[in-house]
Protein chains: 2
Amino acid sequence: MEEEQSRRPAGEPAAEPGPAPEPECKNEDRVEDPEDPASTAGNGNSISSLEQPLLKRSTTLTASHLAIVGAKVSHIESLDYEIIENDLFKHDWRSRSNVEVLQYIFLKWAMAFLVGLLTGVIASVINLAIENITGLKMLHMVNLVRSGRYWAGFLYFAGVNLALTFSAAVLCVVFAPTAAGPGIPEIKAYLNGVDTPNMFGAPQLIVKIIGSIGAVSSGMDLGKEGPLVHIGACLANLLSQGGEGRWRLRWRWLRYFNNDRDRRDLITCGASSGVCAAFRAPVGGVLFALEEVATWWRSALLWRTFFSTATVVVVLRGFIEVCRDGRCGMFGEGGLILFDVSDVTVRYHVGDLLPVTLVGVLGGVLGALYNHVLHQVLRLYNLINAKGRMAKLALALSVSLLTSAGLYLLPFAVPCTPCSAAGAAGETCPTVGKSGNFKQFNCPDGFYNDLASLLHATNTDATRNIFSTGTSGEFRLDSLLIFLAIYSVLGLVTFGIAVPSGLFLPIILMGSAYGRIVALVLSNFVRIDHGLYAVLGAAALMSGSMRMTVSLCVIFLELTNNLLLLPITMFVLLIAKTVGDAFNPSIYEIILDLKGLPFLEPKPETWMKDLAVGELAAAKPRAVTLQVVERVSTVVEVLRATPHNGFPVLDRPRPGVSELHGLVLRQHLMAVIRKRWFLPEKRRTEEWEAREKFSSTDLAEKVGGGVDELSQLSLEEMDMYIDLHPFTNTTPYTVVETMSVAKAVVLFRTCALRHMLIIPKFQGLEISPIVGILTRQDLRAHNILGAFPHLANKRKVH
Amino acid sequence: MEEEQSRRPAGEPAAEPGPAPEPECKNEDRVEDPEDPASTAGNGNSISSLEQPLLKRSTTLTASHLAIVGAKVSHIESLDYEIIENDLFKHDWRSRSNVEVLQYIFLKWAMAFLVGLLTGVIASVINLAIENITGLKMLHMVNLVRSGRYWAGFLYFAGVNLALTFSAAVLCVVFAPTAAGPGIPEIKAYLNGVDTPNMFGAPQLIVKIIGSIGAVSSGMDLGKEGPLVHIGACLANLLSQGGEGRWRLRWRWLRYFNNDRDRRDLITCGASSGVCAAFRAPVGGVLFALEEVATWWRSALLWRTFFSTATVVVVLRGFIEVCRDGRCGMFGEGGLILFDVSDVTVRYHVGDLLPVTLVGVLGGVLGALYNHVLHQVLRLYNLINAKGRMAKLALALSVSLLTSAGLYLLPFAVPCTPCSAAGAAGETCPTVGKSGNFKQFNCPDGFYNDLASLLHATNTDATRNIFSTGTSGEFRLDSLLIFLAIYSVLGLVTFGIAVPSGLFLPIILMGSAYGRIVALVLSNFVRIDHGLYAVLGAAALMSGSMRMTVSLCVIFLELTNNLLLLPITMFVLLIAKTVGDAFNPSIYEIILDLKGLPFLEPKPETWMKDLAVGELAAAKPRAVTLQVVERVSTVVEVLRATPHNGFPVLDRPRPGVSELHGLVLRQHLMAVIRKRWFLPEKRRTEEWEAREKFSSTDLAEKVGGGVDELSQLSLEEMDMYIDLHPFTNTTPYTVVETMSVAKAVVLFRTCALRHMLIIPKFQGLEISPIVGILTRQDLRAHNILGAFPHLANKRKVH
């Protein structure tokens with residue numbers, strides 16, 4: 001069901017054949033099939049070389065409706081965030097009793113609570129599993145090394161990692177291709193109004209949980225942070241629907257959530273719960289959702305998100321208390337503060353200005369570089385992944401093998417450091433097997449291998465080690481350089497493979513390494529602890545790549561619990577963001593663009609001021625309209641011939657006067673046809689007539705179904721009439737044709753529209769009350785530039 | 001210049017005489033006079049009893065345009081946040097060069113920096129002054145007490161306080177009545193789109209700075225937090241205008257800021273800088289502005305606000321470094337963390353659940369009660385303040401006297417406590433004169449007066465004492481009860497007097513007292529430190545009164561630097577807000593309502609779904625329209641007869657066809673008349689003709705001026721024509737008459753409109769292209785209910 005005009009305007013020469021309309025793919029249920037022929041066809045069609053965009057883009061306003069969701073090409077739809085005011089829904093609101101209102105309010109909060117609770121429990125379980133699997137794996141591997149069986153150690157290490165990667169990748173490839181990657185770009189798109197099919201279902205949730213455990217335990221350079229955000233969103237969506245498919249709970253109360261708006265709010269709660277669970281940062285989670293993920297925001301939602309993250313943090317806290325003193329195997333290291341550096345008193349010196357500025361600038365440059373190279377890698381990976389399941393699996397396994405080799409072999413390249421030189425009073429040195437700053441690995445007693453301390457640990461432990469304070473002598477420069485090099489390579493090659501993977505931790509690892517390197521190199525100027533430089537480096541690189549400021553600042557505050565670090569963190573974040581913005585957009589924007597998700601940017605382009613919506617409408621085919629009492633055959637014809645999701649409804653109440661009655665949704669037309677609510681004669685029905693047949697719940701239901709159903713109508717039925725009065729949204733948002741596209745884009749985005757009607761500025765006889773209809777795709781800069789190339793040489797103002 | 005229809009519709013019987021239009025007050029410059037006859041007339045008229053609303057409200061849509069700004073009644077206007085797309089402005093954008101764009105970007109950031117810098121410096125200076133004045137005052141007073149001269153001590157104490165209050169109040173009453181109070185509600189209204197005259201000027205800034213110093217040093221129960229927010233906003237406004245009045249800097253670059261949108265952004269920066277400076281909480285400041293103050297928000301603004309607060313915190317940090325070791329007199333106690341309680345490790349016990357929940361519930365109940373009583377007190381005070389300057393002064397001085405008596409005399413009522421019982425190892429006990437937890441006051445050596453420790457200090461020091469950890473035995477229950485009682489009374493009677501005063505600190509003081517009392521009373525259950533209970537109490541009461549969650553949480557985190565307190569703070573805040581919301585709205589909403597500021601709530605009322613904008617327009621007089629080429633005399637007549645700020649412009653391009661050309665602003669019509677850009681014949685001008693005469697800067701200028709100018713036109717000129725083409729905003733926001741008011745309100749608020757045109761749903765001959773025009777006042781629930789009372793029995797859904 002594409003909502004766009006995919007027919008070409010008659011007058012315009014077809015310079016380039018656009019993708020043919022694919023009526024057989026209009027059924028959402030169909031595209032679910034992971035190897036859907038249409039999807040792969042679109043895929044194979046468009047991805048032909050590294051230079052080409054991943055998805056072919058038409059140069060007119062007739063945009064294709066394909067995008068890469070997770071790792072597969074799907075048909076995408078817009079979401080109905082607008083309040084549909086038709087007779088049936090209106091009657092529903094009016095007749096809603098106080099008890100029902102209370103039920104709704106109670107349920108909203110109960111859902112927010114459940115989302116937080118479940119996200120917290122799942123995050124704790126994932127943590128528990130990862131810590132224990134990794135711990136056992138490392139213990140055995142180190143024992144093999146200690147007994148001198150280096151090759152056996154490697155084979156064991158690489159073998160276990162391969163097995164873990166394989167389990168994660170197989171799940172992902174076979175059961176839920178959309179569960180690959182972090183899922184954050186898709187959530188961002190969803191909250192912007194783009195429905196991404198099969199993104200928030202039960203298979204995705206389960207694969208994401210198990211896949212995350214497998215992928216992170218396999219020691220690959222990826223985090224569980226992004227996947228946790230996706231898990232939170234999946235939970236929210238499933239709860240709001242009462243489950244999925246056949247197992248769906250048919251509880252009456254759930255009907256309140258049977259609309260895109262309430263679901264959007266709940267998914268926002270889920271996303272912030274996920275961030276909160278990942279970083280144990282409740283405020284950071286709320287702010288991340290606000291700054292990075294959500295498109296619309298309001299105070300009430302702020303409060304509810306906050307409630308969800310508070311629940312998460314209480315659950316995490318509970319797990320930590322329960323698991324204290326080793327009751328959960330290897331789990332339980334680290335309290336609520338993930339990387340506590342609060343023991344350092346920060347006093348600023350002028351001398352630190354230079355290295356700190358350098359950390360910020362480098363963070364911006366490296367972040368932008370990372371974005372650029374990752375972009376290229378992802379293009380390449382898309383070509384590989386498009387080759388089929390085996391290719392995806394092979395890619396994942398080779399990355400795992402590369403990771404194992406790097407992590408295992410590199411520590412042999414650095415010399416052992418005597419424990420006495422490290423100057424870490426009070427800590428055991430060296431340590432064998434368990435987590436600790438000073439891993440003995442291949443070294444004799446009294447010595448430790450600093451690179452092994454960083455590489456032979458979970459990514460979280462590695463971060464903790466590199467953030468550790470009072471340890472300026474612990475890490476050698478060459479070890480840090482090797483660490484940075486291997487994690488830069490791994491960070492680039494790991495992200496795009498077909499396992500659940502997050503971006504946060506790889507960037508934190510790279511950033512902390514370069515922060516410490518800067519501190520070591522400029523140690524003459526450095527007065528602040530080297531561990532804090534690692535924190536600053538991580539923050540700078542995050543900011544340089546993701547371009548967030550406030551939420552990152554709070555996340556780092558909550559990660560490190562050192563409030564005195566705040567001014568300097570803010571300083572570094574601002575520098576890194578400014579520098580990064582000079583080069584390219586943020587990594588999420590790059591990924592959104594790469595995937596072809598029609599995300600609406602908050603700021604219209606400057607040249608959009610020079611184009612009126614009327615001109616835009618003129619470049620599209622004429623809008624397909626319906627009369628308010630319409631013949632069934634006409635409706636069927638329109639539904640068959642066009643993929644549009646909304647049709648303006650016109651009326652002619654008396655001769656010489658025409659009326660824009662409103663907008664009717666395809667979904668509602670299909671409901672009418674499905675129920676055969678036809679009238680033998682052409683007349684306007686009474687309000688109660690429709691209510692006898694339709695409940696507002698029926699109408700709210702988004703049933704897949706498609707054009708097939710249309711052919712089941714008898715000839716007799718085709719001759720009857722449909723009265724659209726009860727189904728028409730009589731209050732669609734309208735703009736006058738002289739409105740500039742810039743203002744229309746702002747209106748479209750701030751009011752969360754799906755359709756925007758263009759009405760004529762003239763009033764008179766024989767003037768159609770509607771000029772055209774605009775949708776999301778028509779307002780995207782790229783599509784407009786395709787149709788109006790002369791606008792391209794204007795620039796964007798910040 | 002009221003924008004509403006203040007003429008009554010012809011058909012409607014005048015049930016109650018509305019306030020007569022006051023054409024002589026339409027000039028903004030006029031109402032500046034603090035004792036303006038019109039203002040006091042409106043004032044005296046409407047404020048007649050405690051039961052009546054402060055400002056008389058009409059029961060129709062013809063709302064009065066009076067509101068209480070600061071402490072005086074003023075005419076208010078809406079702000080133009082909408083982008084005006086007329087020929088002149090459009091040409092300006094098109095011709096803007098890259099250099100100019102860069103200038104604009106540079107200036108935006110430079111302004112944000114300057115706002116932060118100046119706010120930081122001013123906050124430091126205020127702090128310095130308060131600490132030193134209070135310190136010297138206390139030192140001398142204590143010396144008198146130590147030498148047994150109790151009455152001399154009281155007279156000295158009360159006298160100095162009276163003098164300080166007098167200086168603050170006189171400044172406020174004579175030079176800037178709008179500088180009284182916190183200013184936060186007016187900032188909130190400004191950012192919502194309500195212009196509050198004389199609120200953000202130089203007199204306000206100066207009076208606020210000096211008045212704050214005087215008021216806080218006088219020991220009254222008020223904080224410098226609210227005033228600092230106002231100071232930040234004033235700075236932002238003055239910077240954006242290049243100063244005020246005659247001393248205004250006429251720098252060309254400043255023209256970019258000559259619009260309400262950019263000024264709004266800058267004032268948001270100013271507000272967050274103020275909060276940041278008050279609490280030394282950079283992230284809390286940003287979030288406060290986001291959650292409580294600002295109506296519109298976008299990512300780019302988040303970043304810029306963050307930059308401002310980062311600057312503030314660096315300045316504060318610098319001052320603290322400079323003032324270390326007593327180099328600034330009594331200033332310099334306390335680092336960047338105002339109330340540091342990070343030395344306590346928080347481990348949660350089930351037993352604490354009861355007292356903590358109790359703190360939350362009590363916080364909600366007491367907060368709501370405080371809101372309720374304060375509301376009544378403010379009504380009473382408005383009656384007193386309306387009596388004139390002397391009444392205002394007398395009120396302020398009596399509150400000062402009451403405060404002095406309470407603070408001085410009450411410590412005599414409690415017995416002395418032996419230092420040995422306090423159990424504060426390492427601290428000097430007792431202390432004389434300087435700040436410290438154990439004030440000796442009237443006690444013998446080896447004993448201290450715990451109530452004096454709390455009352456004989458600046459409010460900040462008192463908070464620090466009561467928050468201090470490891471001191472569960474320090475404060476006696478009776479002392480705390482006396483403290484709570486006196487500060488409850490003072491907190492209620494102080495806020496409304498004519499000095500700059502903030503609400504934060506009074507609430508923190510009350511809350512911390514009751515938190516400690518709960519801990520003392522339930523000490524059998526309490527395992528967490530009593531100082532932390534004081535923190536929780538303060539947070540709960542703040543949340544119960546102000547109903548903020550996320551920003552309060554972060555502010556308390558930044559105030560106390562104890563991240564482990566976060567989950568429990570969130571818990572308490574959520575409980576307190578929920579309980580408080582069950583009783584009444586937040587204190588800021590109450591004040592906004594009391595002041596009659598037409599604030600647009602984010603959520604429309606449910607019953608608004610049952611009303612169409614067309615019905616609303618029908619209840620108003622017909623919209624006054626202009627033709628696109630109009631006779632001067634008609635324009636003058638319209639400007640004289642109506643106070644509206646926007647006029648729909650119609651055209652009739654060919655017979656039988658009419659056109660809604662757009663909307664022209666009164667301000668632009670006045671500019672045309674002022675420049676005498678008249679045409680001898682009725683014709684459409686070429687685009688360059690207007691540009692020869694008008695620059696976009698001319699048009700952007702908001703000149704006071706008024707109807708007086710209109711009478712200076714000669715008869716000959718009156719016979720000429722004005723071509724409105726170049727001045728008409730051709731893209732006003734429109735809604736079809738069937739749109740429900742609920743959706744219209746959402747559109748109006750999210751798109752920050754000032755005027756919303758209603759267009760007919762019919763298209764045909766002889767149908768006017770415009771049905772009506774709606775403004776802010778028409779969309780306020782109270783006004784609509786006045787005109788449609790039958791809607792009142794529907795309820796609001798959260």
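Given the structure is predicted, the values throughout are model-derived calculations rather than measurements. (Residues numbered from 1 in each chain as written. Chains lettered and ligands numbered in written order. Predicted model: local features only at pLDDT ≥ 70, side-chain atom pairs only at ≥ 80, totals over all residues.)

A. Representation of the packing of helix H21 (residues 566-583) of chain A against helix H11 (residues 299-323) of chain B in the model. For the pair H21 of chain A and H11 of chain B, the least separation of the axes is 9 Å and the interaxial angle reads 140 degrees. In this view, H21 of chain A runs oblique relative to H11 of chain B, as classed from their interaxial angle. Classified by chirality, the crossing of H11 of chain B by H21 of chain A is left-handed. Between H21 of chain A, through Pro567, Met570, Phe571 and Leu574 of chain A, and H11 of chain B, the contact on the second element is made entirely by Phe306, Phe307, Ala310, Val313, Val314 and Arg317 of chain B. (Axes fitted to C-alpha atoms, helices over the stretch in contact; angles between N-to-C directions. Helix = DSSP H or I, 4+ residues; strand = E, 2+ residues; numbered from the N terminus. Parallel < 35°, antiparallel > 145°, perpendicular 65-115°, else oblique. Left-handed = near helix turned anticlockwise from the far one by under 90°. Contact = placed C-beta atoms within 7 Å.)

B. Geometry of the packing of helix H7 (residues 202-217) of chain B against helix H8 (residues 225-241) of chain B. Residue and element names in this part refer to chain B. For the pair H7 and H8, the least separation of the axes is 9 Å and the interaxial angle reads 150 degrees. The orientation of H7 with respect to H8, classified from their angle, is roughly antiparallel. In the crossing of H7 with H8, the sense of the turn from one axis to the other is left-handed. For the pair H7 and H8, contact is made by Ala202, Gln204, Leu205, Lys208, Ile209 and Ser212 and by Pro227, His230, Ile231, Cys234, Leu235 and Leu238, respectively. Class assignment of the residues belonging to the contact of H7 with H8 gives a composition of eight nonpolar, three polar and one charged. (Nonpolar A, V, L, I, M, F, W, Y, C, P; charged D, E, K, R; others polar.)

C. How the structure looks around helix H24 (residues 632-641) of chain A. Residues and elements named next belong to chain A. Those residues of H24 that sit buried are Val632, Val635, Val636 and Leu639. The buried residues of H24 occupy one face: seen down the axis, they fall within an arc of 95 degrees. For H24, the secondary structure elements touched by its buried residues are strand S7 (626-627), strand S8 (629-631), helix H25 (666-675), helix H28 (715-718) and strand S11 (721-723). (Buried ≥ 20, exposed ≤ 12 C-beta atoms within 10 Å, placed from the backbone. Arc of directions from axis to C-beta.)

D. Main features of the interface of chain A and chain B. Listed as interface residues are 66 residues of chain A and, on the opposing side, 66 residues of chain B. Ranked by residues supplied to the side of chain A that touches chain B, first place goes to helix H11 (residues 299-322) of chain A with nine residues.

E. Fine view of the pairing of strand S13 (residues 755-759) of chain B. Residue and element names in this part refer to chain B. Taking burial as the measure, the five residues of S13 include five buried ones, the bulk of the element. With three bridges joining them, strand S12 (residues 734-736) and S13 adopt parallel strand pairing. Residue pairing for S13: Val736 is matched across the bridge by Ile759. Of the pairings in the sheet, the one linking S13 to strand S15 (residues 772-775) comprises four bridges and is antiparallel in character. (Pairing = 2+ DSSP bridges.)

F. The UniProt feature "transmembrane region" (unreviewed entry) in chain A, seen in detail. All names here are of chain A. Residues annotated in UniProt with the feature "transmembrane region" (unreviewed entry) correspond here to residues 104-130, 150-176, 266-289, 301-320, 353-370, 390-410, 480-498 and 563-580. As annotated, residues 150-176 has a helix share of 93% and a strand share of 0%, and its two end C-alpha atoms lie 38 Å apart. What you have in residues 266-289 is 92% helix and 0% strand, and the ends, taken at the C-alpha atoms, are 12 Å apart. (UniProt positions renumbered as here; feature names shortened; annotations may be inferred.)

G. Region of interest: the sheet that holds S12 of chain B. Residues and elements named next belong to chain B. Read from one edge to the other, the open sheet built from three strands follows the order S12-S13-S15, with strand pairing classed as mixed. Every interior strand has two partners, whereas the edge strands, S12 and S15, have only one. For this sheet, the mean angle separating the axes of adjacent strands, direction not counted, is 30 degrees.

H. Just unusual backbone geometry, in detail. Residues and elements named next belong to chain A. One non-glycine residue, Arg547, lies in positive phi territory at about 65 degrees. Within the secondary structure, Arg547 is located in the loop between helix H19 (530-546) and helix H20 (550-560). Arg547 sits in the buried class, given 28 other C-beta atoms within 10 Å. Phi is positive for Arg676, close to 55 degrees, though the residue is something other than glycine. Residue Arg676 is classed as partly exposed on the basis of its C-beta count, with 13 C-beta atoms lying within 10 Å.

I. Summary view of the nonpolar core. Cys172, Val572 and Ala744 of chain A together with Cys172, Val572 and Ala744 of chain B are the most contacted members of the largest nonpolar core, which totals 465 residues. Once residues lying within four places of it in the same chain are set aside, the contact partners of Ala744 of chain B are Val613, Val735, Met739, Met756, Leu774 and Leu779 of chain B. (Core = buried A, V, L, I, M, F, W, Y, C linked by C-beta atoms within 7 Å.)

J. Focus on the relation of the copies chain A and chain B. Superposing chain A onto chain B requires a rotation of 180 degrees together with a translation of 0.1 Å along the rotation axis, leaving an RMSD of 0.1 Å. Given the turn and translation reported, the copies of this chain are related as if by a two-fold rotation axis. Of the residues that chain A buries at the interface, 100% are likewise interface residues in chain B, meaning the two copies contact each other through the same surface. (Least-squares fit on C-alpha atoms with pLDDT ≥ 70 in both.)

K. Inspection of the UniProt feature "domain: CBS" (unreviewed entry) in chain A at higher detail. Taking the numbering used here, the UniProt-annotated feature "domain: CBS" (unreviewed entry) corresponds to residues 619-681 of chain A. Secondary structure within residues 619-681 of chain A divides into 32% helix and 37% strand; the distance between the first and last C-alpha atoms comes to 38 Å.

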